[in-house]
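# Chain and residue survey
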Amino acid sequence: LHAIFGFVRTRFMEWKARLIGGVTVDTIANLPEMTDPDKAAAMKLLSILATHSFIVNQGLMGLMIFRQVQLSLSYGICPQSAPAFANFGLVFCATGDYEQGYRYGKLALSLLDKFDSRAKEYISHVYCLVYGFIAIFVEPLQACVPAFQHGNQ
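Residues numbered from 1 in each chain as written. Predicted model: local features only at pLDDT ≥ 70, side-chain atom pairs only at ≥ 80, totals over all residues. Heavy atoms only, no water.

### Comments concerning the overall build of the protein chain
This is how it is decided: A run of H or I in DSSP becomes a helix once it reaches four residues, and a run of E becomes a strand once it reaches two; helices and strands are each numbered from the N terminus. Note on exposure labels: buried denotes an accessible area under 20% of the residue type's maximum, exposed denotes more than 50%, and partly exposed covers the range between, all computed with a 1.4 Å probe on protein chains only. By definition in these notes, contact holds between two residues if any of their heavy atoms fall within 4.5 Å. Here the accessible surface of atoms and residues is derived via Shrake-Rupley with a 1.4 Å probe, and residues count as covered only by protein chains that are part of the display.
What the protein chain contains, in helices and strands, is eight helices and zero strands. Listing each helix as α and each strand as β along the protein chain from the N terminus yields α-α-α-α-α-α-α-α. When burial is assessed residue by residue, the protein chain has 46% of its 153 residues classed as buried. The contacts of the protein chain with a sequence gap of at least 6 include a subset with a gap of at least 24, amounting to 70%. Roughly 7,900 Å² of accessible area belongs to the protein chain as shown, and the carbon and sulfur atoms make up 58% of that amount.

### Quick look at the packing of aromatic side chains
What counts, and what does not: Pairs were defined over the aromatic rings of Phe, Tyr and Trp, the Trp ring being its six-membered one, requiring ring centres within 6.5 Å. Orientation was assigned from the angle between planes: stacked under 30 degrees, edge-to-face over 60, tilted for the rest.
Considering all chains together, one arrives at eight aromatic pairs under this definition. A centroid spacing of 6.0 Å and a plane angle of 10 degrees characterise the contact between phenylalanine 85 and tyrosine 104, whose relative ring orientation is stacked. A residue pair is termed long-range when its members are at least 10 positions apart, and phenylalanine 85 in helix 5 (residues 81-94) and tyrosine 104 in helix 6 (residues 98-115) qualify at 19 residues. Here phenylalanine 85 matches tyrosine 104 in class, with each residue buried. Ring centres 5.1 Å apart and planes at 85 degrees place the aromatic pair phenylalanine 88 and phenylalanine 92 in the edge-to-face group. Separated by four residues within a single helix, phenylalanine 88 and phenylalanine 92 lie in helix 5, roughly one turn from each other. Accessibility expressed as a relative area gives 0% for phenylalanine 88, which makes it buried. By relative accessible area, which is 1% here, phenylalanine 92 ends up buried.

### Some details on the pattern of salt bridges
Defined as follows: Salt bridge, as applied in this entry: a Lys or Arg side-chain nitrogen positioned within 4 Å of an Asp or Glu carboxyl oxygen.
Scanning all chains against the criterion turns up three salt bridges. The salt bridge partner of glutamate 33 is arginine 118, with a shortest N-O separation of 2.7 Å. With glutamate 33 in the loop between helix 2 (25-29) and helix 3 (37-56) and arginine 118 in the loop between helix 6 and helix 7 (123-134), the pair connects residues that are 85 residues apart, well separated along the chain. Judged by its relative accessible area of 39%, glutamate 33 falls in the partly exposed class. We note a salt bridge from lysine 44 to glutamate 121, for which the minimum N-O separation is 3.7 Å. With lysine 44 in helix 3 and glutamate 121 in the loop between helix 6 and helix 7, this residue pair connects regions lying 77 residues apart in the sequence. A relative accessible area of 54% means that glutamate 121 is categorised as exposed.

### Quick notes on the confidence of the model for the protein chain
Spelled out, the test is: pLDDT gives the predictor's per-residue confidence on a scale running from 0 to 100.
With 88% of its residues at a pLDDT of at least 70, the protein chain reaches an overall mean of 87. Averaged pLDDT values over the elements of the protein chain bottom out at 64 in helix 1 (residues 2-20) and peak at 96 in helix 6.

### Notes on the packing of helix 5 against helix 6
Formally: An axis is simply a line fitted to the C-alpha atoms; with a helix, the fit covers only the stretch in contact. Between two such axes, the angle follows the N-to-C directions and lies from 0 to 180 degrees. In these notes the angle categories are as follows: under 35 degrees is roughly parallel, over 145 is roughly antiparallel, 65 to 115 is roughly perpendicular, and the rest is oblique. Under this grouping Gly is polar, as are all residues other than the nonpolar Ala, Val, Leu, Ile, Met, Phe, Trp, Tyr, Cys and Pro and the charged Asp, Glu, Lys and Arg.
Two elements in contact, helix 5 and helix 6, have axes separated by 7 Å at closest approach and are oriented at 170 degrees. On the basis of the axis angle, helix 5 is roughly antiparallel to helix 6. Across the interface between the two elements, Ser81, Ala82, Phe85, Ala86, Phe88, Gly89, Phe92 and Cys93 of helix 5 pack against Tyr98, Gln100, Gly101, Tyr104, Gly105, Leu107, Ala108, Leu111 and Leu112 of helix 6. Split into classes, the residues belonging to the contact of helix 5 with helix 6 amount to twelve nonpolar, five polar and no charged.

### Things to note about the nonpolar core
Where we set the bar: Here the nonpolar core consists of buried residues drawn from Ala, Val, Leu, Ile, Met, Phe, Trp, Tyr and Cys, with membership extended through side-chain atoms lying within 4.5 Å.
Phe85, Phe88, Tyr104 and Val126 are the most contacted members of the largest nonpolar core, which totals 45 residues. When residues of this core are traced back to their parent elements, those giving at least two are helix 1, helix 2, helix 3, helix 4 (58-75), helix 5, helix 6, helix 7 and helix 8 (141-151). When neighbours within four sequence positions are excluded, tyrosine 104 is seen to be in contact with Ile20, Val23, Val25, Ile28, Phe85, Ala86, Phe88, Gly89 and Phe92.

### Describing the packing of helix 3 against helix 4
Quick reminder of the rule: Left-handed is the label given to a crossing in which the near helix is rotated counterclockwise from the far helix by less than a right angle, and right-handed is the label when the rotation is clockwise.
Put simply, helix 3 and helix 4 touch, their axes get as near as 8 Å, and they point 160 degrees apart. In terms of orientation, helix 3 and helix 4 fall into the roughly antiparallel class. The interaxial crossing formed by helix 3 with helix 4 has left-handed handedness. Contact residues: helix 3 offers Lys39, Ala42, Met43, Leu46, Ser47, Leu49, Ala50, Ser53, Phe54 and Val56, while helix 4 offers Gln58, Leu60, Met61, Met64, Arg67, Gln68, Leu71, Ser72 and Tyr75. Split by residue class, the contact of helix 3 with helix 4 holds twelve nonpolar, five polar and two charged.

Quick look at the structure:
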């Protein structure tokens, strides 16, 4: 985690304003659904690659997360937006902004609900990130454990 956080921390401050600008979490939650099949395929591929790049090249993981957020903001949200915003929340936590990270974690959970069965494959991933790495900075640990366990069932 140290390598990704070091890379992301230096680039994140540069890209944050450009990436999300004045867009709020509530605005993102109400974005229209992504309709471009090529962009949706890119989101799915980036989601898979981001997960595996954590092991191979953690610097690439940050770039893939940022690209997914950019695609979601530009072309609408899709089931793969849920893990993208959970990862984005983790990046905020890595830079010390736990409240903002928590907001993006909660956004990821709401996207899981919004896409319901189409996002089922991301439930474990999102719950693990949100309740294992993000919410622990904001909520009591006792509140995180049951939700973390729910995501692993």
